[in-house]
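Topology and contacts: notes
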Amino acid sequence: TDDDTFSSAFCENSEKLINVHLFALAAKYYSLSNLGVCTPLEDLLEALKGDSQGATGIQLDEFMNNKKSHEVQVMSELVDNIANFCGIKQVIDIGSGKGYLSSFLSMQYNLKVYGIDSSSSNTNGAHERNRKLKKHWRAYQSRGRENIKSQTSEKANDRPVEIEIKCKTINEELLSNANSLQSQDQMIIQDLIPSCGFTETATPETSTETEAGLVAQAQSHETKHSEEVLDTLNVLPADAVEDFSSSHYNCGELCEEAKVQRKMTCLRTKASKSSESNLYFPLTSCITAETELGDIITDLEDCMMVGLHTCGDLAANTLRIFTAKPEIKAVCSVGCCYHLLSEQFENQEECRDQVWGFPMCQYLKDKGWCCGRNARMSACLALERVAVGQVLPTESLFYRAVLQVIIEEIYGVTKSDRHVGKTFSKSSSFIDYVRRSLKKLELDDSKLPDSCIMDYYEKYKHRMNELEAFNMLKVVLAPCIEVLILLDRLCYLKEQENIAWSGLVKLFDPVKSPRCYAVIALKNQSCS
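Along each chain, residues carry numbers from 1 onward, in the same order as the chain's sequence is written. It should be noted that, the model being predicted, local features are given only for residues of pLDDT at least 70 and side-chain atom pairs only at 80 or more, the latter also being counted only at that level, while totals for whole chains, interfaces and linings use all residues. The basis for every side-chain value is the complete set of heavy atoms in the structure, and neither hydrogens nor water enter the calculation.

Let us now look at the packing of helix H5 (residues 66-86) against helix H6 (residues 100-109). Between H5 and H6, the least distance of the axes is 10 Å, while the angle of their chain directions is 50°. Judged by the inter-axis angle, H5 sits oblique to H6. Note on packing geometry: the crossing formed by H5 with H6 is right-handed. Taken together, the residues of H6 that come into contact with H5 (itself represented by Lys68, Val72, Gln73, Met75, Ser76, Glu77, Val79 and Asp80) are Tyr100, Leu101, Phe104, Leu105 and Tyr109. The class makeup of the residues in the contact of H5 with H6 is eight nonpolar, two polar and three charged. Axes here mean lines fitted to C-alpha atoms, for a helix over just the part in contact, with angles spanning 0 to 180 degrees between N-to-C directions. In DSSP terms, a helix is any run of H or I states spanning at least four residues, a strand is any run of E spanning at least two, and both are numbered starting from the N terminus. Relative orientations are named as follows: roughly parallel for angles under 35 degrees, roughly antiparallel for angles over 145 degrees, roughly perpendicular for angles from 65 to 115 degrees, and oblique for any other angle. Crossings are classed by handedness, with left-handed meaning an anticlockwise turn of the near helix from the far one by less than a right angle and right-handed meaning a clockwise turn. It only takes one pair of heavy atoms within 4.5 Å for two residues to be counted as in contact. When residues are grouped by polarity, Ala, Val, Leu, Ile, Met, Phe, Trp, Tyr, Cys and Pro land in nonpolar, Asp, Glu, Lys and Arg in charged, and all others, Gly among them, in polar.

Below you can see the structure in the form of structure tokens.
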């Protein structure tokens, strides 16, 4: 068997590693990408979309760094497709942090998003960031309109007769629709514009049918030119769109289609003024498995729960809340910080009432399975980044390892609740690093001369290569430990009776975003 083959990587008597190549092959064999348990993102999107078309993509590089832009763009598209599939408009973003995902979901996809984070500084910052982002978003859209206008002008010079004929055909349809729109009351106008997304009252069936009719008519006559114009104007919700004033455009240069679209935009902008900035609500609250969402969100309705790099136990609690609350119809969770997970079987002392981050599924609970902090720390490493040439922080790891020897031999400390943190990046030398670290650990460094510190450094300096090799082995093993944690979460969902579908999906490029796997689940439609 495979287990017997790979077991020969270790000495049977000493259990020491004797075949590094076989060890690497075994690690690859048991990695998530090789086990065949993941659902391809493309397949999931295809199943969720059906015949519908995705929203026009907006490049986020101007608003976020490359990593965050990649994560938000990919995840938000998936979340929107799940929300549409489930027929919901409310999203709860757990551990929303700075609000990047929440803001984009509300602005790009017109979803009503509640971003919940335990840090008040994060939620306050998210409020301000969202306000600034809307300003940039408007400017971004304005530039988009200018680009479209320029492209349209060029096309018009090349094919004036063709454009004129097509515009005339579209004009007749859209003018007819506009006349009927003007006879509707304010509520119907809101319902006709999907991007408004503010109305709390139920949408009448007649308006939904009218909307469907309008969309069908527009789609049946759109040319590439009209698609670009309409997509640019509709890409944002009404409260993120500037009013069109006559000073911006020469009306004589606009075809009737653009005039009608301008009127529609003005109408929906006015309709949204009373609810401006209510699509995204940053909230401060600490989320646990026992959290009652109704106490935090007063207008809780059928919704889905998302989490982009939810830290430690928060990822596990997100899944528990999802299974327990009937209002939550779907979940899309990407976890991180495995080293911060609480483990039921890590310590001998058992707290029966505590809810643990690992294990979640009954199978591993029955086995009494434990990873341990060292293994969970290893699971956080990024094999794909190392594979493309990103070096391990060997020197900082060496500093920390020698520091551990110092605090054990000089101070007799083997355990501490305090952490050194990111002291290495602030230190000018090993001596500076040790003294800064001792202060953080509240240990007196006055009895430790510089010469003694450097003696320790020189004593272990020749073993730095050993440390690097050891950490490379940890990196190779990292995907296997991550598999265990992710499959535990998936199996937990498989054990629930009210889940229609659940799966693991690789969302992100692991070089850009190492924690790239999402746990996704949809409840049975009959669940209430």
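So that's the structure; there's more coming.
In plain words, nonpolar cores are sets of buried Ala, Val, Leu, Ile, Met, Phe, Trp, Tyr and Cys residues tied together by side-chain atoms within 4.5 Å. Relative accessibility thresholds used throughout: buried, under 20% of the residue-type maximum; exposed, over 50%; partly exposed, between the two (1.4 Å probe, protein chains only). Counting residues in hydrophobic clusters, the biggest one holds 71 residues, and the most contacted among them are Met75, Leu78, Met304, Cys332, Leu507 and Ile520. Beyond its immediate chain neighbours, meaning those up to four positions away, leucine 78 contacts Leu41, Leu44, Leu45, Leu48, Cys332, Leu507 and Ile520. Formed by 23 residues, the second largest nonpolar core is a distinct cluster that contains Val402, Tyr433, Ile453 and Tyr457.

Between any two strands, at least two bridges found by DSSP are needed for them to pair. Across the sheet, which stays open at both edges, the seven strands sit in the order E3-E2-E1-E4-E5-E7-E6 with mixed pairing between neighbours. A single partner strand is all that each edge strand has here, and the edge strands are strand E3 (280-284) and strand E6 (499-506). Averaged over all adjacent pairs, the angle separating strand axes in this sheet is 15°, with direction ignored. Pairing geometry for strand E5 (residues 328-336) and strand E7 (residues 517-523), over four bridges, is antiparallel. Note that in E7 the partner of valine 331 across the bridge is alanine 521. Together, E6 and E7 form the strand contacts of helix H4 (residues 41-49), whose direction differs from that of E6 by roughly 140°. Contacts from H6 reach strand E1 (90-94), strand E2 (112-117), E3 and strand E4 (303-311) within the one sheet, and its direction differs from that of E2 by about 175°.

A pair of aromatic rings is counted whenever rings of Phe, Tyr or Trp (Trp by its six-membered ring) have centres within 6.5 Å, and the orientation is called stacked for planes under 30 degrees apart, edge-to-face for over 60 and tilted otherwise. Within the structure shown, the criterion is met by twelve aromatic pairs. Between tyrosine 399 and phenylalanine 424 the ring centres are 5.1 Å apart and the planes differ by 75°, which places this aromatic pair in the edge-to-face class. Pair noted here: tyrosine 399 is in helix H18 (residues 394-409) and phenylalanine 424 is in the loop between H18 and helix H19 (430-440), with a separation of 25 residues, a long-range link. The exposure class of tyrosine 399 is buried, given its relative accessible area of 8%. Since its relative accessible area comes to 30%, phenylalanine 424 is described here as partly exposed. Judged by centre distance (5.2 Å) and plane angle (45°), the rings of phenylalanine 430 and tyrosine 457 are tilted. A residue pair is termed long-range when its members are at least 10 positions apart, and phenylalanine 430 in helix H19 and tyrosine 457 in helix H20 (residues 450-461) qualify at 27 residues. The same class applies to phenylalanine 430 and to tyrosine 457, which are both buried.

Let us now look at the environment of cysteine 86. Looking at the secondary structure, you find cysteine 86 in helix H5. Measuring from C-alpha to C-alpha, the distance between cysteine 86 and alanine 330 comes to 7.8 Å, with 244 residues separating the pair along the chain.

In this structure, the amide linkage connecting phenylalanine 358 to the following residue, proline 359, adopts the cis form with an omega of -5°. Summarising the element assignment, proline 359 is placed in the loop between E5 and helix H15 (362-367). We note that histidine 309 has phi near 60°; this positive angle belongs to a residue other than glycine. Positionally, histidine 309 belongs in strand E4.

As a further point, take the state of the cysteines. By definition, disulfides here are pairs of cysteine sulfur atoms that lie within 2.5 Å. Applying the stated criterion to the full structure yields zero disulfides. Not engaged in a disulfide, the cysteine cysteine 371 finds its nearest cysteine sulfur in cysteine 370; these two sulfurs lie 6.6 Å apart. You can call cysteine 371 buried: its relative accessible area is 19%.

Counting along an α-helix, one turn takes 3.6 residues, and residues three or four places apart therefore face a common direction. Within the span of H4, buried status applies to Leu41, Leu44, Leu45 and Leu48. Summarising the axial view, the buried residues of H4 lie within an arc of 95°, below the 170-degree limit, and thus occupy one face. Along H4, the residues that are exposed and aim more than 90 degrees away from the buried face are Glu42, Glu46 and Ala47. Of all possible arcs, the one meant is that of the directions from the helix axis to the C-beta atoms.

Okay, the side chain of lysine 112 next. Locating lysine 112 in the fold gives a position in strand E2. Nitrogen and oxygen atoms within 3.5 Å of one another constitute a polar contact, given that in protein one can donate a hydrogen and the other can accept it, and given that sequence-neighbouring residues count only through two side-chain atoms. Engagement of the side chain of lysine 112 in a polar contact is seen with the side chain of aspartate 299, the distance being 2.7 Å.

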